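Spelled out, the chains give:
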Amino acid sequence: MKTLEEVLNDWEAVIGLEIHTELTTLKTKMFCGCKLEFGAEPNTHVCPVCLGLPGALPVPNKAAIQSIVLAGLATNCDIEKHSMFYRKNYMYPDMAKNFQTTQGPVAFCMRGHLDLAVDGKAAGERHGLDSLEPGDAVENIERTDDGYVAHVGITRIHMEEDAGKMIHIGGDEGRIAGATHSLVDYNRAGTPLIELVTEPDLRTPEEARLFMQKLRQIFLALNISDCSMEEGSMRCDGNISLRRRGATKLGVKTELKNLNSFKSLHDGLQYEICRQAQVLEEGGQIYQETRHWDPSQKRTIVMRVKETADDYRLFPEPDLAPYDLTDEFIENVREKLPELPDQKAARYQRDFGLSAYDANHLVEHRFTVGFFESGITEITGITPEQVRAAEKGEAALPKLSKETRKRLEKLAKPLANLTLNDVSAYVNANPDVDLAQSPLTPKRAIELVELLADDVISSKQAKEVFQAVLDEDKDPNAIVEERGMKQVSDTGALEAVVDEVLAAHPDKVEQYRGGKTGLLGFFVGQCMKATRGQGNPKLLNQLIAKKLG
Amino acid sequence: MAAAASGAFAARSIPEIRALLTGKQVSAREIAEDAFARIDELDGSVHAFLEVTRDLGLKQADAIDAAIAAGHADELGPLAGVPIGFKDNMNLTGTHTTCASKMLENYVSPYTATCVERALAAGGIPVGKLNMDEFAFGSSTESSAFGPTKNPWDENHVPGGSSGGSAAAVIAGMATVSLGSDTGGSIRQPGSFCGAVAVKPTYGVVSRYGVVAFGSSLDQVGPFARSVEDAALTLNAICGHDARDCTSQPVTTDFTANLNEGVSGMRIGIVPQFMNAEGLSSEVKAKIEAAASKLEGLGANLVEVELPNAQAAMSAYYVLGPCEAFSNLARFDSVRYGYCAPGHKDLGGQYEESRAVGFGPEARRRIMLGSYLLSSGVYDKYYYPAQQVRTLITEDYQRAYEHCDVILAPVAPRTAFKLGEISDPTSMYLTDMFTISINIAGNGGMNVPLGLGADTHLPVGAQLIAPAFKDESMFRAAAALESVFGKAPVAPAFAPTAAAGKEA
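Residues numbered from 1 in each chain as written. Chains lettered and ligands numbered in written order. Predicted model: local features only at pLDDT ≥ 70, side-chain atom pairs only at ≥ 80, totals over all residues. Heavy atoms only, no water.

Engineer: Is there a simple way to think about the overall build of chain B in this case?
Structural biologist: Along chain B, the regular secondary structure elements total 18 helices and 11 strands. Rg of the C-alpha trace for chain B: 21 Å, near the compact-globule value of 23 Å for 504 residues, within the 12% margin. Dimensions along the principal axes, computed over C-alpha positions, put chain B at roughly 65 × 65 × 45 Å. Sorting the 504 residues of chain B into buried and exposed places 63% on the buried side. When contacts within chain B are restricted to residue pairs at least 6 apart in sequence, those whose partners lie at least 24 apart make up 76%. Averaging the coordinates of the 37 positive side-chain charges in chain B and doing the same for the 54 negative ones gives two points 2 Å apart. (Helix = DSSP H or I, 4+ residues; strand = E, 2+ residues; numbered from the N terminus. Rg over C-alpha atoms; globule rule 2.2 N^0.38 Å. Buried < 20%, exposed > 50% of the residue type's maximum accessible area, 1.4 Å probe, protein only. Contact = heavy atoms within 4.5 Å. Lys, Arg positive; Asp, Glu negative; His and termini not counted. Charge placed at Lys NZ, Arg CZ, Asp CG, Glu CD.)

Structure representation (C-alpha cells):
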C-alpha cells in the first residue's frame, strides 16, 4: 500500500466526524431521576423510565439541556430556541423502549465551527502547503508561519440518550453472532449524550485528531463530561471518502468505528485513506459500509454493508412537547461559560509573555492549567476567579506592584517549563495523583523556579530538587541548603578553576584558538566536573570565552 | 352474603357512601367486602374484571376504618370508601397489567400509575383491573385476549370499547366509579353503549404516567360513573400536574363547582354535519334532538356551528394513532418481560414469533400500519398531512367556540351492537366517527346517558364537547341533562333488588 503522503498527492481525502459525548458530570439520567455512575453493580441505577416499562414517560433533564447549550455556545453554534425530540425506532435489546429519543432536523445547536491551528509535523500531512505564503487563504485554510489554521464547520450538536451495555457470551470476539447468551446492563441506558456532527471539512488524519483533541479540551473546560475515550464517555466515528485532486464530486464514503484514542483516530483514518486509494487505483469500487478499526492488526474490517439507508422511522416524540428555550435561559447559560482554552492561551501569551507553543500546550490539560495558574496566583496574589470576574467586567483586577510585575516576568516562563516538563512527566507516570494534595505546593513550586531563575541552582539540579520535594515533603530552599547544592557564582573562585582546567589541557586550548570554538562546551564540562556540578555554567561560559578570547 | 348484597354499596353514589361512612352506619371494610361479594356473584356473566384486587381493597378499607376510629373522619379523602376499578392498562403495584393481551398475560406491575395512585390517595377502594380491547385497539372489548365483556343491559350485546370493562363494571354496580382511557372514543363510546356518565377530559388534565400508551398524543384518562357529580368528584381526585408526565397541566378546577348552575344563557352548539351524518340511527338522532330541545327549555340558546374539517379526523386518526402505537408497542419484544416464544436461538426469530403470537390481529394490524406509515418516502405523504389536518381541526373547534360554550353531538351513531356483529375493521372504526375529532383536537368530551333508544331499548348517550381546559362547562350542561333524563341506573338485571333475587 502507498504511504499517506503518496496517496494525498493524487487524492483528496474528505473526512467528517461524528462525536458522541456522555454528559458524565450530571447527577442524573436524561429522562429520569436515576443516578449516573460509571462502574456500578449492573442494573442498580434503573427505574421504569430507563427500563422502558409499559406506561413510563420521559421527563427531560434541564441540566443536560444547559450542558448542550454550553457546548453549542463554546463551538460557535446558533442555539435553536424551538427544537423537538424525535423517536428513532430500531429494535435491539440494549435499547429498552426499542426506540432512542433523539432530535430531528432541528437540533439545540446548529451551524457552528472551530478553527484549528495545525503546525509542526501535523501540518506536514496537508497537501500543497508549500506553495502558500503566510496569510494566503485557500479553501477552508489560512497559511501561518509554521503551519495553517483550518476552519472546520460543525453541522449540529443534538441531544440524545445512550443505550445500555451488552456483553455477549460464547461468540467470536464478543459479537452477538454465535453467542450462547447475552447480558444487558441498563445502568448506562438513558445517559445524556450529545452528538456533534462536523461538516466534511477535514482533509488529513492529523486535522481529525486535532479537532477531537480541541473539542475534548473545550468540553473538559466546560466540565460537561469527563471525556474519557478509554471508558467510552467520548466516542468518535469517522466518515471518509476520496476524490481525485481537482474533482468536486464526492466519492463513496465508508464509516469507521472504534476510533477510541487519538492514536486510533489518526491511524485508523490513515489506513482507511490508503486502503480506499489502493482499491480505487486497482479499478475497484468503494462500498458504503461500516468498518471497524482493529489497532492490533492495524487494518479496518467490514462490520456491515449498507445497501440502503437505514430506515429509523423518525417522528416527533409525542411524550415530549416541543422544547422552547427562552432568551433568558440562553443568556443564563452564556453567563456560565468559562474561559475557553483558546482564550486562555491568548491570555497567557498576552499577560505572561509565553510563547504560543507553551501557551497552547498549557491549556491542553486541566492539571497543567491548574498547576500553572496556582503558581501565578502565588506570585501575584490574584486568583483565577478574580481574573474571570474582571473579564466579565464585574470587578477590576488589583494593580500589581512594580516589583511583582518584574517577578512575574522573570518566573512565568520557568513556571511554564516546570509545568510542561517535570510536572507533566510526573502526572503521566502517576495518573491517579492529585497535585493539590501533593507536597509540591504552589509556594514551593515558585520557590523552585525562583532558585532556577536566579541561577542559584542549575536546571539539572532543579530536577533533583523537584523529585526531593515530592519524596521528602520539604521546601526547595531547605533541600538546596542540606545538599549543598548552591551554584558557585563567585567569579574569583570560578576563575581559579578555569585557570586550572585550561592549564591541564594545553592541546585543546591550542585547537580552540585555531578556530575549533566548539570546544567551549568541553571546557565548561571540565569546570563543572571540577566544581562537582556546582559551578554556574553561564558564568563559566563567559569566563572561559574571555580567557581564551 | 345476604347482608352484603342488601347493602350493594358499589351500586350507590359517592355522597351516599360518604354519609354512611362518616355517620358510622357502615365501615369501609363492609363496603369493600360487599363490593367483592357482588363481583364474585355477578361478574361471571359480564366478565368486566381481569383481576380482582381483594387484598389491596381490604387493606385500603382497613386503613380508612383505622383513620375513622382514630377520630380523623373529617380528614378522609374525597373518594374514601368508594369502590373503584381500573382499566387494565393502568399500572398498580403488585397487580397484573395485561392490557388484555397475551403479550402481557404474566406481567406484574412494579409501580403504580399516577391516576391510580391519586385515586387511592383519595381513599378509593381498589376492586380490580378491568377488561378492554387488546392494548385499547377496538370499540367493543371483543379483541381482549381473555374473552369479551358483555353489556349489562343485554348480554348478547357488546359494552363498547375499548374501556368496555370499566363501563360494564359501573353499570352492573360492581364498582361505584372506574377509570378508563380514551384515544379515539374509548371512554365515551362504551359510556354511551352501557349508559354511564363517561368523561374524556382535555388532553393534559390527567397524568398519563403509568398508563400503558397507545397513542401518546391522543390518550387521556377519565372516569366512569352513574352520576355527573360522581364523575366530577372522581376527576377532581385524579387531575392536575404530575412531574412525571410533562404533557400534564396544572389543572386545579373543581369540576363540581357549577353543577347546579343550570344552562340558562348557555350557548349550545349543534353541528349539522354530525346530526345529518350518514349512518346515524334515527333513535339516536331523536334522543339528541330531544336533549337539545330540553336544554333550550332550560334556558340555553341553540346555535349551529360548523366543523368543516371534522370529516378528515378519521383519516388523520388512522395515521397518527397507528404511528404512535407502532413505536409505543415496540418495547414488547419478549426480552425483558412479556410473552416469549420458546426455543429460538437467534434474536430475530425470537422477536418475530413472540410478537406474532403475543399480539392479537388488531394489534398486529396497527403495528404494521404504523411501521409502513412512518417508513421513509411514505412518512411525508401521510404523517405530515395528518398533522396539518390536526391543526385545521383544532382551529375549527376554536372558531366554533367563538359562537358557543359547549357542543352537543351524538357519541356513537347507534346503540350497542351484538357480539360478533361487526367483524370488518373499517366498520368498527366508523363507530368512533363522532368522538375521534375531539382526540385529534385535544379538548374534552363526555357521554351523558339519555335513557333507552326507542327501537333497540338500549342506552343512548349525548356527547358534550367543551373547549380545551374548560371541561367544567360540559359538566355544567351534563348536570342539566341529568336533571331531565335522570341519573344513570344500574342495569336492571344487576339492580340490587334484582341481584338479591338472582342470588336466591
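From this point, the discussion proceeds with the structure in view.
Engineer: Teacher, can you tell me more about the overall build of chain A here?
Structural biologist: Helix and strand counts for chain A stand at 17 helices and 18 strands. Each principal axis of the C-alpha distribution contributes one length, and for chain A these read about 90 × 60 × 50 Å. Per-residue burial over chain A gives 51% buried out of 549 residues. Contacts spanning at least 24 positions in sequence make up 71% of the contacts within chain A whose residues lie at least 6 apart. In the form shown here, chain A has an accessible surface area of approximately 25900 Å², with 50% of it arising from carbon and sulfur atoms. (Areas by Shrake-Rupley, 256 points an atom, 1.4 Å probe, with all protein chains shown as cover.)

Engineer: Just checking my understanding: could you explain the domain arrangement of chain B for this structure?
Structural biologist: Residue and element names in this part refer to chain B. In terms of domain boundaries, chain B breaks down into domain 1 (36-53 + 83-309 + 391-503) and domain 2 (313-387). Look at where the C-alpha atoms of domain 1 and domain 2 centre, and you get two points 26 Å apart. On the domain 2 side, the residues contacting the 29 residues of domain 1 number 26 residues. Overall, the association of domain 1 and domain 2 removes approximately 2400 Å² of surface from exposure, summing both partners, and the carbon and sulfur fraction of that is 69%. Area buried by domain 1 at its contact with domain 2 is led by M103, F137 and Y429, which between them contribute 32% of it. If you look at where domain 1 meets domain 2, you find zero salt bridges. Broken down by secondary-structure element, the contributors of at least two residues to the side of domain 1 that touches domain 2 are helix 14 (379-400), helix 15 (425-430) and helix 16 (436-441). (Domains from an automatic or database assignment. Buried area = accessible area lost by both parts, 1.4 Å probe. Salt bridge = Lys/Arg side-chain N within 4 Å of Asp/Glu carboxyl O.)

Engineer: What's the story with the layout of surface pockets in this structure? I'm lost.
Structural biologist: Space left empty within the atom packing is revealed by a probe, the size of a water molecule, rolled over the atoms. Residue and element names in this part refer to chain A. Looking at the second largest pocket, its volume works out to about 770 Å³. In terms of lining residues, the second largest pocket is bounded by 25 residues, among which A117, V118, D119, L210 and N360 are the most central. For the lining of the second largest pocket, the elements supplying multiple residues, two or more each, are strand 6 (109-119), strand 9 (147-161), helix 3 (205-222), helix 6 (341-352) and helix 7 (356-362). Considered class by class, the residues forming the lining of the second largest pocket number 11 nonpolar, five polar and nine charged. Inspection of the lining of the second largest pocket shows a minimum of three residues originating in each of domain 1 (4-311) and domain 2 (339-482). (1 Å grid on protein atoms, 1.4 Å probe; cavity = no way out; pocket = protein on both sides within 12 Å on 5 of 7 lines; lining within 4 Å. Points joined across faces, edges and corners; volume = space filled by probe spheres on them. Nonpolar A, V, L, I, M, F, W, Y, C, P; charged D, E, K, R; others polar.)

Engineer: Explanation requested: the confidence of the model for chain B in the structure shown.
Structural biologist: Predicted coordinates in areas of low pLDDT are best not read in detail. Residues and elements named next belong to chain B. For chain B, the average pLDDT comes to 95, and 97% of its residues sit at 70 or higher. Every residue in residues 1-5 is under pLDDT 50, and counting partners more than four places away or in other chains gives eight contacts. Residue range residues 499-504 is modelled with pLDDT below 50. Its contacts to residues more than four positions away, or to other chains, number 13 contacts. Both scores are given for the predicted complex: the pTM is 0.88, the ipTM 0.94. (pLDDT = per-residue confidence, 0-100.)

Engineer: I tried to follow the pairing of strand 1 (residues 11-22) of chain A on my own but got confused; where do I start?
Structural biologist: It is a general feature of regular strands that their side chains alternate between the two faces of the sheet. Residue and element names in this part refer to chain A. The buried fraction of strand 1 is high, at 12 of 12 residues. Side chains W11, A13, I15, L17, I19 and T21 project from strand 1 onto one buried face, and the interleaved E12, V14, G16, E18, H20 and E22 project onto a second face that is buried too. Both strand 1 and strand 13 (residues 234-244) contribute to a ladder of 11 bridges, which runs antiparallel. Bridge pairing in strand 13 links A13 to L242. Relative to strand 12 (residues 192-198), strand 1 runs antiparallel, the two sharing five bridges. From the neighbouring strand, E18 faces strand 12, where its bridge partner is V197. (Pairing = 2+ DSSP bridges.)

Engineer: Would you mind showing me how to read the nonpolar core here?
Structural biologist: Proteins that are soluble and globular tend to have nonpolar side chains buried together. If you look at the biggest cluster of nonpolar residues, it comprises 244 residues, and the most contacted ones within it are F211 of chain A together with L408 and F475 of chain B. At 10 residues, the largest contribution of residues to this core is made by helix 11 (residues 313-328) of chain B. Ignoring anything within four residues of it in the chain, the contact list for F211 of chain A reads L17, I19, L114, L116, V152, I154, L196, T198 and L202 of chain A. (Core = buried A, V, L, I, M, F, W, Y, C linked by side-chain atoms within 4.5 Å.)

Engineer: Explain empty space enclosed by the protein here, please?
Structural biologist: All names here are of chain A. All chains considered together, the criterion is met by four cavities of 30 Å³ or more. The volume enclosed by the largest cavity comes to roughly 160 Å³. Along its surface, the largest cavity is lined by 20 residues, and V49, C50, G52, K97 and E161 are the ones closest to its centre. Across the lining of the largest cavity, the residue classes tally to 11 nonpolar, two polar and seven charged.

Engineer: For this particular structure, what's the right way to read the environment of S315 of chain B?
Structural biologist: Residue and element names in this part refer to chain B. Note on placement: S315 falls in helix 11. Residue S315 is classed as exposed on the basis of its relative accessible area of 51%. Measuring from C-alpha to C-alpha, the distance between S315 and A386 comes to 7.6 Å, with 71 residues separating the pair along the chain.

Engineer: Just checking my understanding: could you explain the packing of aromatic side chains for this structure?
Structural biologist: Between two aromatic rings, the relevant description is the distance of the centres plus the angle of the planes. Residues and elements named next belong to chain A. According to the stated counting rule, one finds 28 aromatic pairs over all chains in the structure shown. Between Y90 and Y312, the ring centres sit 5.8 Å apart and the planes meet at 70°, which makes this aromatic pair edge-to-face. Of the two residues, Y90 sits in the loop between strand 4 (85-89) and strand 5 (99-103) while Y312 sits in the loop between strand 16 (299-305) and strand 17 (315-316), which places them 222 residues apart along the sequence. Residue Y90 is classed as partly exposed on the basis of its relative accessible area, which comes to 27%. A relative accessible area of 28% means that Y312 is categorised as partly exposed. Seen in terms of ring centroids, Y348 and F372 are 4.9 Å apart; in terms of plane orientation they differ by 55°. Their pairing is tilted. (Phe/Tyr/Trp six-rings, centres within 6.5 Å; stacked < 30°, edge-to-face > 60°.)

Engineer: Help me understand a positive patch on the surface, please; the structure alone is not making it clear to me.
Structural biologist: Residue and element names in this part refer to chain A. Taken together, the side chains of K399, K402, R405 and K406 make up a positively charged region of the molecular surface. By the secondary structure assignment, K399 is in the loop between helix 9 (384-391) and helix 10 (402-429). We classify K399 as exposed; its relative accessible area is 79%. (Patch = residues over 30% accessible without salt bridge, like charges linked within 9 Å, V, L, I, M, F, W, Y side chains within 5 Å.)

Engineer: Looking at this structure, how should I read the interface of chain A and chain B?
Structural biologist: Often the size quoted for an interface is simply the accessible area lost on bringing the parts together. Between chain A and chain B, the contact holds 31 residues from the first and 38 residues from the second. Both sides together, the interface formed by chain A and chain B hides about 2700 Å², and carbon and sulfur atoms give 59% of it. Area buried by chain A at its contact with chain B is led by P54, L57 and R313 of chain A, which between them contribute 23% of it. Across the contact surface, chain A and chain B share one salt bridge. Measuring nitrogen to oxygen at the nearest pair gives 3.0 Å for the salt bridge that ties D319 of chain A to R208 of chain B. Our enumeration of links across chain A and chain B arrives at 18 residue pairs in polar contact (both at pLDDT 80 or more). Residue composition of the side of chain A that touches chain B, grouped by class: 22 nonpolar, four polar and five charged. (Polar contact = N/O pair within 3.5 Å; in protein donor to acceptor, adjacent residues only side chain to side chain.)

Engineer: Would you mind going over the sheet that holds strand 17 of chain A with me for this structure?
Structural biologist: Backbone-to-backbone hydrogen bonds join strands into a sheet, with any given pair of strands oriented parallel or antiparallel. All names here are of chain A. An order of 5-4-17 is seen for the three strands of this open sheet, with the pairing classed as antiparallel. Of all the strands in the sheet, the pair left with one neighbour each is strand 5 and strand 17. In this sheet, strand 17 lies alongside strand 4 in antiparallel orientation, the contact comprising two bridges. Bridging across to strand 17, R87 finds its partner in F315.

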